[in-house]
Amino acid sequence: MDVDALMRELYGLRPQEFTAARDARAAEARAAGERAVSKRIGVLRKPTLAVWCANLLARADEGQARRLLELGRALREAHRTLAGEELRELSRRRHVVIAAMARQARVLAGEAGQSVSEGVRQEVEQILHAVLTDQEAAEAWVGGVLVKAPEVAVGFAGLEPAPSQAPRRAPRTEPAPSSSSAAKGRSSGARAGSDQETRRRARAAAEAEAEAKAKAKAKAKAKAKAKALTERAAGEAEKAEAALAQAQDESADHRSRLGALEEQIVSLREELARRGEERDHLTKSVETVTRRQDRAEQQAKKARSAVLKATEALDALQDGSSRPGPG
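Below, the structure is looked at part by part. Computed from a predicted structure; not experimentally measured. (Residues numbered from 1 in each chain as written. Predicted model: local features only at pLDDT ≥ 70, side-chain atom pairs only at ≥ 80, totals over all residues. Heavy atoms only, no water.)

**Notes on the overall build of the protein**
Per the secondary structure count, the protein includes nine helices and zero strands. Counted from the first residue to the last, the protein has its helices and strands arranged as α-α-α-α-α-α-α-α-α. Of all 327 residues assigned to the protein, the portion counted as buried reaches 20%. When contacts within the protein are restricted to residue pairs at least 6 apart in sequence, those whose partners lie at least 24 apart make up 70%. A total of about 23,500 Å² of accessible surface is found on the protein, and carbon and sulfur atoms cover 54% of it. (Helix = DSSP H or I, 4+ residues; strand = E, 2+ residues; numbered from the N terminus. Buried < 20%, exposed > 50% of the residue type's maximum accessible area, 1.4 Å probe, protein only. Contact = heavy atoms within 4.5 Å. Areas by Shrake-Rupley, 256 points an atom, 1.4 Å probe, with all protein chains shown as cover.)

**With respect to the pattern of salt bridges**
Within the structure shown, the criterion is met by 14 salt bridges. E271 is the salt-bridge partner of R275, the closest N and O atoms lying 2.8 Å from each other. Of this pair, R275 and E271 both sit in helix 9 (residues 179–321), separated by four residues, roughly a single helical turn. Salt bridges linked by common partners bring R106, E118, R121 and E125 together as one network. (Salt bridge = Lys/Arg side-chain N within 4 Å of Asp/Glu carboxyl O.)

**Quick notes on the environment of P47**
By the secondary structure assignment, P47 is in the loop between helix 3 (35–42) and helix 4 (49–60). With a relative accessible area of 3%, P47 lands in the buried category. The spatial distance from the C-alpha of P47 to the C-alpha of F18 is 8.1 Å, given a sequence separation of 29 residues. Apart from residues no more than four positions distant in its own chain, P47 is found in contact with Y11, P15, F18, W52 and V147.

**What about the nonpolar core?**
Judged by nonpolar contacts, the single largest core of 33 residues is most densely connected at L68, L128 and W141. Broken down by secondary-structure element, the contributors of at least two residues to this core are helix 4, helix 5 (62–81), helix 6 (84–111), helix 7 (118–131) and helix 8 (135–142). Ranked by residue count, the leading element in this core is helix 4, at eight residues. Sequence-distant contacts of L68, that is, excluding residues within four places in its chain, are made with V97, I98, M101, L128, L132 and W141. One finds V3, Y11, A21 and V145 within the second-largest nonpolar core, a separate group that totals 13 residues. (Core = buried A, V, L, I, M, F, W, Y, C linked by side-chain atoms within 4.5 Å.)

**Remarks on helix 6**
A rise of 1.5 Å per residue sets the reference length of helix 6, with its 28 residues, at 40 Å; its end C-alpha atoms lie 41 Å apart and thus fit the reference within 8%. Inspection of helix 6 places E89, L90, R94, I98, A99, M101, A102, A105, L108 and A109 among the buried residues, and these make up the whole buried set. Of the residues trailing helix 6, G113 is marked for its positive phi of about 85°. (Expected span 1.5 Å × (residues − 1).)

**Observations concerning the packing of helix 2 (residues 15–31) against helix 3**
Where helix 2 contacts helix 3, the two axes come as close as 7 Å, and the packing angle between them is 170°. In terms of orientation, helix 2 lies roughly antiparallel with respect to helix 3. Contact with helix 2, carried on its side by R22, R25, A26, A29 and R30, involves R35, V37, S38, I41 and G42 of helix 3 and no other residues of that element. Across the contact of helix 2 with helix 3, the residue classes break down as four nonpolar, two polar and four charged. (Axes fitted to C-alpha atoms, helices over the stretch in contact; angles between N-to-C directions. Parallel < 35°, antiparallel > 145°, perpendicular 65-115°, else oblique. Nonpolar A, V, L, I, M, F, W, Y, C, P; charged D, E, K, R; others polar.)

Purely geometric numbers; function is a separate question.
This is the structure:
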């Protein structure tokens, strides 16, 4: 079994589904004789809801996750080179981007059927800040298999200025320049400051425009999605209404047929009762006729016996009259 693939599968599940799935996969590996894999899977830590949301965010858009890490690398470079203005601008961008990503993670969780509180959203923000200072955690997060929230570092601890950019010792005091030289210096400094301010404002305007475009794009996407959901819901409602109407028609038809059958049952029961009475009457008549038949048979038997006796007596008389008398 591929442990990395199993981890990606497990850490894609919601926290409440994780433990049962982990134990099942560990048991499968053990049954397959892969005890080392079973042991590694069996000790995997259940992610918190915030960690799961962070993984969900990275899985949904790996490119966005890697762009955040690029921003972190730029911040570290700014720390090394002591680029103050650039550092402040990158830090501001980091907070804006991470806040937007945390909100996106909350939306993704809702779409996955998992409600997320404001407190959890803030925990997601802390995780995203932390992965910028923890390379190992960053790689796990980009892969969607972050196991636990990394510790939040203050700033970029451990990063020191590059040797070439180390602060220089203040030069010795030189004689004050002449008034004309000082004026030229001030003029050059003013121009340099003006150019720097112009560039800063241009960058800020460009980023504001990009952010506005991104918000407009996100709003249009959300609107299109809402419209699609509304149309889908309307279609499903129409289908449900049609199904309800059909069910009502079928129910009315069935009730009508049931009423007709109940009427037939009542009629048949009445007919059965009449047939029962007729049967009882015929039964009594048969019994009466049977008794009469028995009596008639007895009388006929007696009559036949009397006829036989009378016949025998007649025959005897006839035999006696035909004989000659004594001489």
